[in-house]
Amino acid sequence: MCSRRFSHCLLCIVYFLTFEPPAGASSTVKVSVPKDSSPLREKAAWFEKDLLDKHWLDGLYVSIVPSVPPGTKLQHTVDEPGNVIHAGVWTGRYLAGVGYQYGVTRDPSVRQQGGQILHALTILEEVTGKPGLLARGYVKGHGPVEGWERNGADSREWHQGQGAYAGYRWYGDVSVDNFNAVLYGYAIYYDLAADAAQKKLIARNVDRLMTHLVDNHCRIIDVDGEVTQWGHIGIDPDPAFDDYYKKYYAQFLQRSGQTNAPWQPGLRSSLMLLPDLLIADHITGNPRYRDLYARVVARFRDNPDARRERDHGPFSLERLARVNHSSEGQSYEALYNLIRYEHDPGLLEKYRPWVGDLWEMNWMEGNPIFTFMTLALQPEYHGPSKPGQPQTISSTVPNASNSIRLALESLHDYPIDRNLRPVMNSLRKDIELNPYADRQGQKQSAQPVPINRRPLDNEYAWKGNPYQLDGWLKPALRMIQFASDDATVAWACDSSGRIFMTRDGGKNWRDMSTGLMGASVESILASTNRTFVVYAKTDRGIMVTRDGGLSWRTAAASDTPAFPSTQFVEWQPVTTNLSVRIDKFGELMKSLDRGHTSVTCMRGWRIPLATAIFVGTPWGIIAGGPGGCYRSQDAENWIEIKLWPEEETGAADFLHAYWMGRYYGFISKNE
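Everything numeric in this text was worked out from a predicted model, so none of it was measured.

S.K.: Any chance you could break down the overall build of the chain for me, citing the residues and the numbers?
M.R.: What the chain contains, in helices and strands, is 17 helices and 29 strands. Here the C-alpha atoms of the chain give a radius of gyration of 28 Å, agreeing with the 26 Å that 2.2 N^0.38 yields for 671 residues. With respect to the principal axes defined by its C-alpha atoms, the chain has extents near 85 × 55 × 55 Å. Counting over 671 residues, the chain shows a buried share of 55%. Counted over contacts in the chain with a minimum sequence separation of 6, partners at least 24 positions apart contribute 62%.

Here it is in structure tokens:
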């Protein structure tokens, strides 16, 4: 079916979403912006509308996009991209959510939406030009992808499509999480929502993906002929590859003291591979997949599980600090289909404790996906007697009732505002800290932070660390300078080494760092008599621009200006009576008696911590910190200067969890 026709129809209904109207009523209802406290059904309808407006590339889900007003259409081209580098994994999981949605509603428009996602996932594979190889994501257009090239650092993974896909720019180096999420989505949608034509397409796509994987000995091989960075999906049971895998896993074997031990990987080492083979067997009927599954099981099932022996044990804050929450999500996803499709009692007896290991560490986190999967899989898999029918929660699953309560709290507290704003909970005194830092050496809490208080996960809340305290902090403002004859023109530099320019009084800012060819800016100075002449002190010497930053060159040896000093801890006079400074605790202080007495003056700041302050500017007082940049005339009333581009993330995670909960009856229709 033509995706262009689907797209046209979808644009017509984007503001009127089908959502279980009463019998006899119209199938469309107008959706208004809900509150955080609105019923879950209203939040789901709003998030779906927002997703189709901003995060929808003809069926591909683009997670992070520029912040724009509600209802704005984004085109997802090379000039207006979102973060498509992870589009495949989130689109696969969103397809599962749409499958659950159709399973509950039986709404034809939901199946049409699923059809667009299937078409996008087909492009995701075909755009690479290599049968069975997925791209991570794609945008439309040609040339550099603005905002995601990272000054060329990612250019080697961007490719231009060929032939029918010549109008697409795609990103390679696909990894196991992308691959498995797409298979996960295919499996759920195939079972719950697909019509005959869609099942045929899914079977074709799954067979192509798995043929690539099996033919390459359980590895993803990129267009350059090399294994992708995270492209090992399980272990090939052929003994001829034992030396290869011993070399690949050398670091793990050394850490676990097995360098000189016989090569005996546990079956759990192939957890990502096992469900893929069962999914392929279930959907395609090709016996080669079940055959390889049987060989993997026969070779590894009785081997010791070194990873489990190392990582398993009672809950502790020290163990919690080592947890990789993203990997846990992938494990849950794998186990969900592995147990759904496996019927051998002996193997199920082996697989179910793996769910228990995860549950021991996660039941208290309020993660709805982990909770719904666990309660569906334990003590044995049981689908709903009828989609949406309330279920009795098994008393044999530890902490089941508490986990459901916490999962529903997470969905009820899930914030409508999806803008990626700075959060710094480490300043709060009411949060108990874990004495052990996380895997990146960052502080974390001892208890899960409520979802409406933690930093937004970059793309998918259910893979995020619920103990994370801080996130999305802004770079430190280092200097701000103004044009000699126009107060609406200004330049600012920050601790990331970039320089920005505004020509409209701070409403819009443009990064002017490209011409510096990677040089990191440490300070800037604008000419006092020539409008667009600016000097930059960089890690490669002094540079000068004569066109506001469009082009830069090395300053002459005789052209060495004195850059302004920054003594923010000293009192700086604003008026005869008013002075300001930053104290040793990072608080912005003001004094009306030249420093004899003082009070904090950070009302309206997102994070009450300052790192720089400038007075006597055409805009009054300008100050910045990890929460953003602000301006004020009186050090009392502050207005945010949006120096850095703002982005927002979609809510495919909410929709996946909500419709899964509805399907299994953990969430009521009217909740």
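Having seen the structure, we can now continue with the description.
S.K.: I'd like to hear about the environment of Val214, residue by residue, with values.
M.R.: Following the sequence through the fold, Val214 ends up in helix H6 (residues 196–215). Note: C-alpha distance between Val214 and Phe654 (440 residues apart in sequence) is 34 Å. With residues up to four places along the chain from it excluded, the contact list for Val214 reads Leu277, Arg288, Tyr289 and Leu292.

S.K.: Mind laying out a nonpolar patch on the surface, listing which residues take part and the relevant values?
M.R.: A cluster of nonpolar side chains, namely Trp230, Tyr244 and Tyr248, defines an oily patch on the protein surface of about 320 Å² accessible area. On the secondary structure map, Tyr244 appears in helix H7 (residues 242–248). For Tyr244, a relative accessible area of 30% corresponds to the partly exposed category.

S.K.: Can you tell me about the environment of Ser403, naming the residues and giving the values?
M.R.: Note on placement: Ser403 falls in helix H16 (residues 400–413). Residues Ser403 and Phe372, 31 residues apart in the sequence, show an inter-C-alpha distance of 9.3 Å.

S.K.: Which residues make up the confidence of the model for the chain, and what values do they have?
M.R.: Counting all residues, the mean pLDDT for the chain is 91, and 93% of those residues have values of 70 or more. Ignoring residues within four places in sequence, the model shows residues 1–29, a span with pLDDT below 50, making 49 contacts including any to other chains.

S.K.: Please set out unusual backbone geometry residue by residue, giving values where relevant.
M.R.: Cis rather than trans, the peptide bond between Gln378 and Pro379 has omega equal to -5 degrees. Here Pro379 shows up in the loop between helix H15 (368–377) and H16. The backbone of Asp58 sits at a positive phi, close to 50 degrees, despite the residue not being glycine. Topologically, Asp58 is positioned in the loop between strand E3 (56–57) and strand E4 (60–61). Taking the relative accessible area as the measure of exposure, Asp58 reaches 22% and is therefore partly exposed. The backbone phi angle of Met517 is positive, close to 55 degrees, even though this residue is not glycine. Here Met517 lies in the loop between strand E16 (510–511) and strand E17 (521–526). Taking relative accessible area as the criterion, Met517 reaches 66% and is therefore assigned exposed.

S.K.: An account of the sheet that holds E17 is needed here, citing residue identities and associated values.
M.R.: The strand order E17-E18-E19-E20 describes an open sheet built from four strands, whose pairing is antiparallel. Two strands in the sheet have a free side with no partner beyond their single neighbour: E17 and strand E20 (553–554). As paired strands, strand E18 (residues 534–538) and strand E19 (residues 541–545) are joined by five bridges and run antiparallel to one another. Note on E19: the bridge partner recorded for Lys537 is Ile542.

S.K.: An account of the side chain of Thr374 is requested, with residue identities and associated values reported.
M.R.: With respect to the secondary-structure elements, Thr374 resides in helix H15. Within the structure, the side chain of Thr374 is placed 2.8 Å from the backbone oxygen of Phe370, a separation counted as a polar contact. What Thr374 contacts, discounting residues up to four positions off in sequence, is Tyr332, Val355, Trp359 and Val397.

S.K.: A description of the packing of aromatic side chains should follow, citing residues and the corresponding values.
M.R.: A complete count under the given rule lists 29 aromatic pairs for this structure. Centroid distance Phe654 to Tyr658: 6.1 Å. Interplanar angle 10 degrees. Geometry classified as stacked. Residue Phe654 and its partner Tyr658 are located together in helix H17 (residues 652–664), separated by four residues, close to a single helical turn. For the pair Phe654 and Tyr658, a shared accessibility class is recorded, and that class is buried. An aromatic cluster is built from Phe47, Tyr414, Trp462, Phe654, Tyr658 and Trp659, whose rings are joined through pairwise contacts. In this arrangement the basic side chain of Arg93 is found over the ring face of Tyr460, its NZ or CZ atom lying 5.4 Å from the centre. The ring of Tyr341 has Arg340 sitting right over it, with the charged end atom 4.7 Å from the ring centre.

S.K.: Now, about the state of the cysteines: what can you tell me, with residues and values included?
M.R.: Scanning the entire structure with this criterion turns up zero disulfides. This cysteine, Cys493, is not joined by any disulfide, and Cys629 carries the nearest cysteine sulfur, 11 Å off. Take Cys493: its relative accessible area is 0%, and that puts it in the buried class. The thiol sulfur of Cys601 is not disulfide-bonded, and the nearest other cysteine sulfur, from Cys629, lies at 15 Å. In this structure Cys601 comes out as buried when scored by relative accessible area, which is 3%.

S.K.: Which residues make up the sheet that holds strand E23 (residues 588–591), and what values go with them?
M.R.: Taken together, four strands build an open sheet; the order of strands is E21-E22-E23-E24 and the sheet is antiparallel. Only two strands of the sheet have a single neighbouring strand rather than two, namely strand E21 (572–573) and strand E24 (599–600). In this sheet, strand E22 (residues 579–582) lies alongside E21 in antiparallel orientation, the contact comprising two bridges. Bridge pairing links Gln572 to Val580 in E22.

S.K.: Describe the packing of H6 against helix H10 (residues 287–300), listing the residues and the values that go with them.
M.R.: Close contact between H6 and H10 brings their axes to 11 Å; oriented N to C, the two are set at 40 degrees. The orientation of H6 with respect to H10, classified from their angle, is oblique. You can see that H6 and H10 cross each other, and the crossing is left-handed. Contacts from Asp207, Met210, Thr211, Val214 and Asp215 of H6 reach H10 at Arg288, Tyr289 and Leu292.

S.K.: I'd like to hear about the environment of Asp511, residue by residue, with values.
M.R.: Counting through the fold element by element, Asp511 comes out in strand E16. Asp511 sits in the partly exposed class, given a relative accessible area of 32%. Between the C-alpha atom of Asp511 and that of Ser523, which follows or precedes it by 12 residues, the distance is 15 Å. Side-chain polar atoms of Asp511 contact the side chain of Ser513, separated by 2.6 Å.

S.K.: So what's going on with the pairing of strand E13 (residues 477–482)? Which residues, and what values?
M.R.: Regular strands have side chains that alternate between both faces of the sheet. Of all six residues in E13, five are buried, a share of seventy percent or more. Relative to strand E14 (residues 490–494), E13 runs antiparallel, the two being bridged by five bridges. Looking at E14, one finds that Phe482 is bridged to Ala490.

S.K.: How would you explain the nonpolar core if you had to name every residue and give the values?
M.R.: Counting 138 residues, the largest nonpolar core has Tyr100, Tyr351 and Phe654 as the members making the most contacts within it. A total of 12 residues in this core trace back to one element, the largest contributor, which is helix H5 (residues 176–192). Core analysis: the next-biggest nonpolar cluster, separate from the first, contains 47 residues, Met479, Tyr630, Trp638 and Leu643 among them.

Basis of the calculations
Residues numbered from 1 in each chain as written. Predicted model: local features only at pLDDT ≥ 70, side-chain atom pairs only at ≥ 80, totals over all residues. Heavy atoms only, no water. Helix = DSSP H or I, 4+ residues; strand = E, 2+ residues; numbered from the N terminus. Rg over C-alpha atoms; globule rule 2.2 N^0.38 Å. Buried < 20%, exposed > 50% of the residue type's maximum accessible area, 1.4 Å probe, protein only. Contact = heavy atoms within 4.5 Å. Patch = residues over 30% accessible without salt bridge, like charges linked within 9 Å, V, L, I, M, F, W, Y side chains within 5 Å. Areas by Shrake-Rupley, 256 points an atom, 1.4 Å probe, with all protein chains shown as cover. Salt bridge = Lys/Arg side-chain N within 4 Å of Asp/Glu carboxyl O. pLDDT = per-residue confidence, 0-100. Pairing = 2+ DSSP bridges. Polar contact = N/O pair within 3.5 Å; in protein donor to acceptor, adjacent residues only side chain to side chain. Phe/Tyr/Trp six-rings, centres within 6.5 Å; stacked < 30°, edge-to-face > 60°. Lys NZ or Arg CZ within 6 Å of the ring centre and 35° of its normal. Disulfide = S-S within 2.5 Å. Axes fitted to C-alpha atoms, helices over the stretch in contact; angles between N-to-C directions. Parallel < 35°, antiparallel > 145°, perpendicular 65-115°, else oblique. Left-handed = near helix turned anticlockwise from the far one by under 90°. Core = buried A, V, L, I, M, F, W, Y, C linked by side-chain atoms within 4.5 Å.

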